[in-house]
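Fold and geometry: a report
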Amino acid sequence: DGRLTFYPGNQTVDLPFINFMKRYGTVFLNAYTNSPICCPSRAAMWSGLFTHLTESWNNFKGLDPDYVTWMDLMEKHGYRTQKYGKLDYTSGHHSVSNRVEAWTRDVDFLLRQEGRPVVNLTGDRTHVRVMEADWRNTDKAVNWIKEEAINLTQPFVLYLGLNLPHPYPSPYTGENYGSSTFLTSPYWLEKVTYEAIKIPKWSSLSEMHPVDYYSSYTKNCTGEFTKQEVRSIRAFYYAMCAETDAMLGEVISALRDTGLLKKTIVIFTADHGELAMEHRQFYKMSMYEGSSHVPLLVMGPGIEKQQQVPNMVSLVDIYPTMLDIARIPVPQNLSGYSLMPLLRGKAENKVSPRGPRPLWVLSEFHGCNVNSSTYMLRTGKWKYIAYSDGRSVLPQLFDLSDDPDELTNVAVKFPVIVHSLDKILRSIVNYPKVSSSVHEYNKRQFMSWKQSLGQNYSNVIANLRWHQDWLKEPKKYENAIDKWL
């Protein structure tokens, strides 16, 4: 969650290496994901293109495996490249469950797709390496810096993809269930300031926006949660962020120990945030700040120190920025703009051949846990969220200067602003058309999957992540699918 990298969020947990980057570099106060879920978000970051252009609609559908990323271009231009850890931007990953839930989100049923969010404390005060896979990848990156990068005559680019801070799988709910366990050790939990943890306000279920209600239900968050449970989930999430920060620290320390730090640009960002029980939800897939606002910090030679940039930026800006750093010509068709002018503290409009950076960012979502394509335009103090065809589901408008917790939808109060923001949104993306093509795509994919299973279709679907709800009334849900088809 990007809000943890600046005041007041950074009061809740000690993130020494994020703070180090702020001291010696630049932090972006308004950085957003272009799609708040792993694969579509990474597809935007690696391609520099908005989600409706990559057509990475869900966690199963990303870029083609041979897509030319910014790293491929840097390699072609003489950079030594190395990737470790979670990449997750090409098509074909994630479970059958994940796919089928995304394809059937237009079906008229409510089924819980996730385990109820819970916490789990493991190990003792000396247990540092909780997320072992991430630590192994961090070790690989550190060793590569110390053994390879140090001896290179050519410039290098190293990518390290971490899974944390991400909830862990919850085996108690059956093998197919998602990741709803917030897991940490006492070592990391001690880095969290419990008194600073805000307990989010919840609207009553009957007052929720219909899409939020669907999300809360499918994420298994509509039941009763005590304040203590909510505080614990948030505390464990912050502890997981502290563990992530320590991995960043390993990389920074390796660069410092080898003398490479002063000539290396370091970028820290994330694919999406975590709601951690804000708006009666956990996980991502939402346009609320907890889910869509990401960290973005940059330090290195030529980068302003102790600078806070208020401009709206997003992950599609990474592609042109990387090429700009490497002095490689930037393709004109990209959705993003180089961050280098901002990072050097320069006025922007003098620099880009494409004209000034727009004053807005775009995020969109087409995957599971949300029963409508969603489009978010963030500009100035406003966040505008449109759904589906723009008519059948009411939009949301939040004034973030007045209502940072996004509790009051003021769309009805400000029709003129809604109209003008909707006009900007439509000039960027013909969203009713995109929603309709996603709807058709979902149906086509589901039908061919169903045909591939033959008679066995009902058994397979009964055992996906929603099995506990499905098995209560399978006929009812099969009929709802038939009606949709």
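Refer to the structure above for everything that follows.
Residues numbered from 1 in each chain as written. Predicted model: local features only at pLDDT ≥ 70, side-chain atom pairs only at ≥ 80, totals over all residues. Heavy atoms only, no water.

Moving on, we get to the side chain of Asn59. Along the chain, the position of Asn59 falls in the loop between α3 (51-54) and α4 (70-76). Among the polar contacts listed, one links the side chain of Asn59 to the backbone nitrogen of Cys39, at a separation of 2.9 Å. (Helix = DSSP H or I, 4+ residues; strand = E, 2+ residues; numbered from the N terminus. Polar contact = N/O pair within 3.5 Å; in protein donor to acceptor, adjacent residues only side chain to side chain.)

Glancing now at the sheet that holds strand β10 (residues 360-365). Pairing between the strands of a sheet is mediated by backbone hydrogen bonds and can be parallel or antiparallel. Spatially, 4 strands are ordered β10-β11-β12-β13 in an open sheet, and the strand pairing comes out antiparallel. The open sheet has two edge strands, β10 and β13 (396-399), and neither has a second partner. Strand-to-strand twist of the sheet, defined as the mean angle between neighbouring strand axes without regard to direction, takes the value 15 degrees. Note: β10 against strand β11 (residues 374-379), 6 bridges, orientation antiparallel. Across the sheet, the residue bridging to Leu362 is Leu377, located in β11. Packed onto the sheet, helix α13 (residues 415-428) meets β10, β11, β12 (382-387) and β13 and runs at close to 65 degrees relative to β12. (Pairing = 2+ DSSP bridges. Axes fitted to C-alpha atoms, helices over the stretch in contact; angles between N-to-C directions. Contact = heavy atoms within 4.5 Å.)

Moving on, we get to the pairing of β12. Of all the 6 residues making up β12, 6 are buried; the element is thus mostly covered by neighbouring parts of the structure. Residues Trp382, Tyr384 and Ala386 line one face of β12 and the alternating positions Lys383, Ile385 and Tyr387 line the opposite face, and both faces are buried. Judged from the 6 bridges that link them, β11 and β12 form a sheet pairing that is antiparallel. For Leu377, the partnering residue across the bridge sits in β12 and is Tyr384. Hairpin geometry of β11 and β12 is characterised by an intervening segment of 2 residues between the two adjacent antiparallel strands and by a positive phi of about 55 degrees at Gly380. Pairing geometry for β12 and β13, over 4 bridges, is antiparallel. If you follow Tyr384 over to β13, its bridge partner there is Leu397. (Buried < 20%, exposed > 50% of the residue type's maximum accessible area, 1.4 Å probe, protein only.)

For the structure on display, the rule yields 21 salt bridges. Among the salt bridges present, the one from Arg357 reaches Asp317, with a minimum N-O distance of 2.9 Å. Linking Arg357 in the loop between α12 (340-343) and β10 with Asp317 in the loop between β9 (307-314) and α11 (318-325), this pair joins segments that are 40 residues apart in sequence. The residues Arg357 and Asp317 share a single accessibility class, namely buried. The network of salt bridges with common partners includes Asp1, Arg3, Arg234 and Glu278. (Salt bridge = Lys/Arg side-chain N within 4 Å of Asp/Glu carboxyl O.)

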